[in-house]
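Summary of structural features
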2 protein chains.
Amino acid sequence: MITDRKVILYISMSLDGYIATKDNSLDFLSMVEQEGEDYGYNAFVKSVDAVIIGRKTYEKVIAMGYEYPHTEKDVYILTRTATPSIGNFKFYTDDLSQLVAHLKSQQGKNIYCDGGAEIANELMKNNLVDEFIISVIPILLGDGIKLFNDGRPELKLELLSTKQFDKGLAQLHYKRADK
Amino acid sequence: MITDRKVILYISMSLDGYIATKDNSLDFLSMVEQEGEDYGYNAFVKSVDAVIIGRKTYEKVIAMGYEYPHTEKDVYILTRTATPSIGNFKFYTDDLSQLVAHLKSQQGKNIYCDGGAEIANELMKNNLVDEFIISVIPILLGDGIKLFNDGRPELKLELLSTKQFDKGLAQLHYKRADK
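We now turn to the structure provided with this report.

1. Here's the deal with the overall build of chain A
When you go through chain A residue by residue, the secondary structure sums to four helices and eleven strands. Its C-alpha atoms give chain A a radius of gyration of 16 Å, near enough to 16 Å, the size a compact globule of 179 residues would have. Along the longest, intermediate and shortest principal axes, the C-alpha atoms of chain A span 40 × 40 × 35 Å. When each of the 179 residues of chain A is scored for burial, the buried share is 37%. For chain A, restricting intrachain contacts to residue pairs at least 6 apart in sequence, the fraction spanning at least 24 positions comes to 73%.

2. Describing unusual backbone geometry
Geometrically, the link from A:G115 to A:G116 is a cis peptide bond, its omega value of 0° lying close to zero. Look at A:N24: it is not a glycine, yet its phi comes out positive at around 70°. Tracing the chain through its elements places A:N24 in the loop between β2 (18-20) and α1 (41-46). Located in the positive-phi region is B:Y39, a residue other than glycine, with phi close to 55°. Mapped onto the elements, B:Y39 comes out in the loop between β2 (18-20) and α1 (41-46). Owing to 18 C-beta atoms within 10 Å, B:Y39 belongs among the partly exposed residues under this scheme.

3. Here's the deal with the relation of the copies chain B and chain A
One copy of the chain maps onto the second through a rotation about an axis and a displacement along it. Rotating chain B by 180° about the axis while translating it 0.0 Å along that axis superimposes it on chain A, leaving an RMSD of 0.0 Å. What the superposition gives is, in effect, a two-fold axis relating one chain to the other. The share of interface residues of chain B whose copies in chain A are also at the interface is 100%, consistent with both copies meeting through the same surface.

4. Concerning the sheet that holds strand β7 (residues 131-137) of chain A
If you walk across this open sheet you meet the nine strands as β5(A)-β4(A)-β3(A)-β6(A)-β1(A)-β7(A)-β11(A)-β10(A)-β8(B), and the pairing is mixed. Of all the strands in the sheet, just β5 (89-92) of chain A together with β8 (139-140) of chain B have a single pairing partner and so form its edges. Contacts from helix α2 (residues 55-63) of chain A reach β3 (48-54) and β4 (74-78) of chain A within the one sheet, and its direction differs from that of β3(A) by about 100°. Strands β1 (7-14), β3, β4, β5 and β6 (110-113) of chain A of the sheet are contacted by helix α3 (residues 96-104) of chain A, whose axis makes an angle of about 170° with β4(A).

5. Quick look at the interface of chain B and chain A
Counting residues at the interface gives 29 residues for chain B, matched by 29 residues for chain A. For the side of chain B that touches chain A, the elements supplying multiple residues, two or more each, are β8, β10 (155-164) and β11 (170-176) of chain B. Looking at which element gives the most residues to the side of chain B that touches chain A, the answer is β10(B), with seven residues. Looking at side-chain class alone, the side of chain B that touches chain A contains 16 nonpolar, six polar and seven charged residues. As paired elements, strand β8 (residues 139-140) of chain A and β10(B) share two bridges and run antiparallel to each other. Its bridge partner lying in β10(B), A:I139 is registered against B:K156.

6. Section: the pairing of β1(A)
All names here are of chain A. Along β1, six of the eight residues are buried, which leaves the element largely enclosed by surrounding structure. As paired elements, β1 and β6 share three bridges and run parallel to each other. Counted as the bridge partner of I8 is Y112 from β6. Bridge count between β1 and β7: seven bridges; the pairing is parallel. In the strand pairing of β7, M13 is matched with V136.

The rules we used
- Residues numbered from 1 in each chain as written.
- Chains lettered and ligands numbered in written order.
- Predicted model: local features only at pLDDT ≥ 70, side-chain atom pairs only at ≥ 80, totals over all residues.
- Helix = DSSP H or I, 4+ residues; strand = E, 2+ residues; numbered from the N terminus.
- Rg over C-alpha atoms; globule rule 2.2 N^0.38 Å.
- Buried ≥ 20, exposed ≤ 12 C-beta atoms within 10 Å, placed from the backbone.
- Contact = placed C-beta atoms within 7 Å.
- Least-squares fit on C-alpha atoms with pLDDT ≥ 70 in both.
- Pairing = 2+ DSSP bridges.
- Axes fitted to C-alpha atoms, helices over the stretch in contact; angles between N-to-C directions.
- Nonpolar A, V, L, I, M, F, W, Y, C, P; charged D, E, K, R; others polar.

Set out below in structure tokens:
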């Protein structure tokens, strides 16, 4: 059985396509911080019940002194090193395509890809992203870690919405055109 | 004297940041062609009276069987090879920053950077772009010629507008935040 669960890449990038600086800093995101404005994040998070995240990105959150949220969701942390689960957080060492196929064979809400670039590109290489919600931060970083690496297949998209916010964030929501 | 003439980069890119495919094809732009919809191009063109374009991009237009438009504007074709002018079209071999300084010292309308990536990046490296009007085409090309190369300075922007069109084009208009 294949359900209609969708894999959604929900991510921020600078206008020039970087998700972080070269030294992995996300400080530029603070320029769009605004009291009472979450750019749709909480509503989005309620629409998903599984999360896929790369090990480096996961550890980056922890290193910043946060607990990784989504404790009530099925969280899959992609890693090459077998690691015991922590509560709902499963360290996943197998093939990413198989994980997506497995999740899509089960009923549930949508599936959130929380980055980083490595996992996002692996998903895109295998044409496994169904929707893209991209928050464009009003800055040219000039250098850094790119969201989109070369060597992916072409994919036509359908623009679902554009939203413009006071702090200059532009949020673009696409779905793949072939579904 | 420095006038308030602005250098505007007006360009299309795929969502993943490419202005053309690897083999220099622009065929993907046809997906947003729509009778009677020019995405603001004619109004924009009326707001400029000088054009800066790279030699390769200029020749690409010619090779596609078009005449290069803008015959009533001052067109500067950036090249490393001294070439005689053709009417208003000047082949410019000197420093790009000097050209911009020269144009900004004279009264006139705005200055249109018509690409390609090499000229756009050279302008950005020298912090010479005042506004960005970027039409995001609803496609992931997967590979190609990037609009934004690594190794530019950071530049904070102010989002002036976002526009969403029927065919899925999202047009983002920014100006530099420091001016």
